[in-house]
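Summary of structural features
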Amino acid sequence: MAKILLLGSGELGKEFTIAAKRIGQTVIAVDSYENAPAAQIADISEVINMLDGNALDALVEKHKPDYIVPEIEAIRTERFYEYEKQGYTVIPSAKAANFTMNRKAIRDLAANELGLKTAKYRYATSAESLKNAVSEIGMPCVVKPLMSSSGKGQSTIKTEADIEKAWKYSQEGSRGDVAEVIVEAFVNFNYEITLLTVTQRNGITLFCPPIGHRQERGDYMESWQPAPMKNEILEEAQQMAEKVTTALSGCGVWGVEFFVADDGVYFSELSPRPHDTGMVTLAKTQNFNEFELHLRAILGLPISEITQERIGSSAVILAMENSENPTYEGLEKVAASPKTDFRIFGKPTSRPFRRMGVVLTHDNLGGDISEVTEKAKNLASQIKVISE
Ligand SMILES: Nc1ncnc2c1ncn2[C@@H]1O[C@H](COP(=O)(O)OP(=O)(O)OP(=O)(O)O)[C@@H](O)[C@H]1O
Ligand SMILES: [Mg+2]
């Protein structure tokens with residue numbers, strides 16, 4: 001049986017671990033704190049700072065895993081190249097994990113090397129150069145630290161007066177050791193999607209039905225599958241996803257994010273791993289959920305097809321306050337609702353806007369996706385995370 005070193009043990013890692021345990025694999029779950037969601041399921045858990053390259057090296061040396069599976073971006077991914085040289089398998093690949101943690105690397109690859117359509121963009125390294133970049137891009141535009149996720153340090157510039165604020169905010173939200181930001185033209189999109197893409201060791205690239213989602217404060221609130229869209233637009237997105245995943249190399253599930261506007265499909269960014277909006281697949285919308293697909297692709301088990309079994313939605317359950325002992329109110333209401341399920345991640349502490357669980361709703365194929373989404377949203381809002 002394979003030994004999987006899972007770097008990051010949140011809710012996505014937890015579902016991945018469940019999938020792995022179901023078919024008898026060994027999982028070592030790593031995070032920066034004790035008792036993280038995946039650590040509660042895994043065979044072994046470890047607590048380290050994954051941005052500390054030496055700590056990471058020591059862990060790889062200690063466990064000698066068959067697969068190194070990153071679940072988060074904030075890892076000293078430069079070390080992954082060394083692990084590959086030593087004969088380890090990094091999922092999907094050292095290059096993919098390393099490029100996607102830095103917006104500059106992935107954007108330059110997508111826009112310049114692969115010629116994918118993206119929002120017009122520039123980089124800036126100071127408040128002064130941000131001003132120049134904004135004048136070249138025009139307003140409104142979006143500023144993001146090169147290394148950040150979940151919308152951290154991200155803001156929209158609408159007037160000159162916002163520039164200074166946007167720079168300061170980006171420096172507070174940046175994760176890495178670089179002060180640089182990307183400035184993107186604001187894309188006035190009609191909708192945005194995640195295209196879950198599966199690359200296989202010995203098989204063709206497969207695509208899940210597109211997932212629609214709505215973002216607030218940089219995190220997703222609801223996601224639904226399928227996102228209604230024209231076939232020709234979907235095919236364009238699929239071609240872009242195939243190009244970028246091929247260039248990054250390796251096998252596994254990828255969450256490729258696109259904006260769809262009047263003037264076409266824009267590539268935005270991608271995760272070289274299951275995507276949070278893909279939790280909708282836990283509503284059994286597909287023959288395999290995104291975690292099962294990731295696992296199969298990693299192990300080299302062939303996936304013959306991905307089929308849509310029903311339509312579904314997910315809506316997040318957020319905490320509103322800090323707690324050392326969060327508990328949940330309103331689960332009975334959700335449980336009593338037909339065609340509904342939920343997950344509570346079991347995070348040991350809460351803080352404002354921390355994602356603690358998800359409500360899942362579904363309907364038969366041909367049902368009304370917006371109704372299913374409304375229902376998930378309403379039910380999620382009835383669950384209260386309280387501190388005892
Ligand atoms: N150029 C843009 N134009 C319009 N909206 C944008 C633009 N860039 C980002 N957004 C909005 O902000 C959201 C988050 O942006 P992005 O995915 O780049 O950041 P992130 O912090 O990496 O998010 P995550 O890691 O949660 O996916 C997007 O899903 C989209 O809704
Ligand atoms: Mg994103």
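Residues numbered from 1 in each chain as written. Chains lettered and ligands numbered in written order. Predicted model: local features only at pLDDT ≥ 70, side-chain atom pairs only at ≥ 80, totals over all residues.

Short version of the rule: UniProt positions are given in the numbering used here, feature names are shortened, and annotations may be inferred rather than shown by experiment.
By the naming in an unreviewed UniProt entry, the chain is Formate-dependent phosphoribosylglycinamide formyltransferase, taken from Aequorivita aquimaris. UniProt annotates the chain under Function (unreviewed entry) with the comment "Involved in the de novo purine biosynthesis. Catalyzes the transfer of formate to 5-phospho-ribosyl-glycinamide (GAR), producing 5-phospho-ribosyl-N-formylglycinamide (FGAR). Formate is provided by PurU via hydrolysis of 10-formyl-tetrahydrofolate."

1. Here's the deal with the overall build of the chain
Worth spelling out the cut-off: To qualify as a helix, a DSSP run of H or I must reach at least 4 residues; to qualify as a strand, a run of E must reach at least 2; elements of each kind are numbered from the N terminus. A radius of gyration in this sense is built from C-alpha atoms; the matching globule rule multiplies 2.2 Å by the number of residues raised to 0.38. Residue burial here comes from a neighbour count, namely the number of other C-beta atoms, placed from the backbone, that lie within 10 Å of the residue's own C-beta, with 20 or more meaning buried, 12 or fewer meaning exposed, and in between meaning partly exposed. Here the contact rule is simple: place C-beta atoms from the backbone, and any two residues whose C-beta atoms are within 7 Å are in contact.
When helices and strands are counted, the chain shows 11 helices and 20 strands. Expected size for 388 residues packed as a compact globule is a radius of gyration near 21 Å; at 20 Å, the chain falls within 12% of this value. Across its three principal axes, the chain shows a C-alpha extent of roughly 55 × 50 × 50 Å. Within the chain, the fraction of its 388 residues that count as buried is 47%. Pairs at least 24 residues apart make up 64% of the contacts formed inside the chain by residues separated by at least 6 positions.

2. Some remarks on the sheet that holds strand β9 (residues 181–185)
Applicable threshold: Whether two strands pair comes down to DSSP finding at least two bridges between them. Each axis is a line fitted through C-alpha atoms, taken for helices only over the stretch in contact, and angles between the N-to-C directions span 0 to 180 degrees.
One open sheet holds the 4 strands; their spatial order is β6-β9-β7-β8, and the pairing between them is antiparallel. In this open sheet, the two strands that pair with only one neighbour each are β6 (121–124) and β8 (155–157). For this sheet the average axis-to-axis angle between neighbouring strands, irrespective of direction, equals 30°. Helix α5 (residues 103–113) rests against β6, β7 (141–145) and β9 of the sheet, and its axis sits at about 45° to β9.

3. Thoughts on the site of ligand 1
Short version of the rule: As used in this record, a residue near a molecule or strand is one whose C-beta atom, placed from the backbone, is within 6 Å of it. Amino acids outside the nonpolar list (Ala, Val, Leu, Ile, Met, Phe, Trp, Tyr, Cys, Pro) and the charged list (Asp, Glu, Lys, Arg) are all regarded as polar, and Gly is one of them. Residue ranges assigned to the domains are those given by an automatic or database domain assignment.
Residues in contact with ligand 1 amount to 18 residues; listed here are only the nearest, Ala119, Ser149, Glu184, Val187 and Gln215. Grouping the amino acids of the shell around ligand 1 by side-chain chemistry returns 4 nonpolar, 8 polar and 6 charged. The residue makeup of the shell around ligand 1 includes at least three contributed by each of domain 2 (120–185) and domain 3 (191–387).

4. Remarks on the environment of aspartate 57
With respect to the helices, strands and loops of the structure, aspartate 57 is situated in helix α2 (residues 53–63). Sequence separation of aspartate 57 and tyrosine 83 is 26 residues, and the distance between their C-alpha atoms is 8.5 Å.

5. Focus on the pairing of strand β16 (residues 311–318)
Judged by how many residues are buried, β16 sits mostly within the fold: 8 of 8 residues are covered. Of the two faces of β16, the one lined by Ile311, Ser313, Ala315 and Ile317 and the one lined by Gly312, Ser314, Val316 and Leu318 are each fully buried. Pairing of strand β13 (residues 219–225) with β16 involves 4 bridges; the strand directions are antiparallel. Residue pairing in the sheet places glutamate 222 in a bridge with alanine 315 of β16.

6. Quick notes on the sheet that holds strand β5 (residues 89–90)
In space, the 5 strands of this open sheet follow the order β3-β2-β1-β4-β5, with parallel pairing throughout. Looking at strand neighbours, the two that pair on one side only are β3 (44–47) and β5, the edges of this open sheet. Pairing between strand β4 (residues 67–70) and β5: 2 bridges, direction parallel. Bridging from a neighbouring strand, tyrosine 67 pairs with threonine 89 of β5.

7. What to know about the domain arrangement of the chain
Each assigned domain of the chain is listed here: domain 1 (3–90), domain 2 (120–185) and domain 3 (191–387). The distance between the C-alpha centroids of domain 1 and domain 3 comes to 22 Å. Every contact between the two is made by 14 residues of domain 1 and, on the other side, 13 residues of domain 3. When contributions to the side of domain 1 that touches domain 3 are tallied by element, the ones reaching two or more residues are α1 (11–22) and β4. If one sorts the elements of the side of domain 1 that touches domain 3 by residue count, α1 sits on top with 7 residues. Grouping the amino acids of the side of domain 1 that touches domain 3 by side-chain chemistry returns 8 nonpolar, 2 polar and 4 charged.

8. Considerations on the packing of helix α6 (residues 127–137) against helix α7 (residues 162–173)
Selection rule: Angle categories: roughly parallel below 35 degrees, roughly antiparallel above 145, roughly perpendicular from 65 to 115, and oblique for all the rest. Here is the rule for handedness: rotate from the far helix to the near one, and if that takes an anticlockwise turn smaller than a right angle the crossing is left-handed, while a clockwise turn gives right-handed.
Put simply, α6 and α7 touch, their axes get as near as 10 Å, and they point 125° apart. What the angle tells us is that α6 and α7 run oblique. Handedness of the crossing formed by α6 with α7: right-handed. Counting all contacts with α6, which are made through Ala127, Leu130, Lys131 and Val134, the residues of α7 involved are Ile163, Glu164, Ala166 and Trp167.

9. Comments concerning the nonpolar core
Formally: By our criterion, buried Ala, Val, Leu, Ile, Met, Phe, Trp, Tyr and Cys residues that link up through C-beta atoms within 7 Å make up a nonpolar core.
Counting residues in hydrophobic clusters, the biggest one holds 105 residues, and the most contacted among them are Leu6, Val183 and Val359. The contacts of leucine 6, once residues within four sequence positions are left out, are Gly13, Phe16, Thr17, Val27, Ile28, Ala29, Val30, Ala38, Ala42, Val69 and Glu71.

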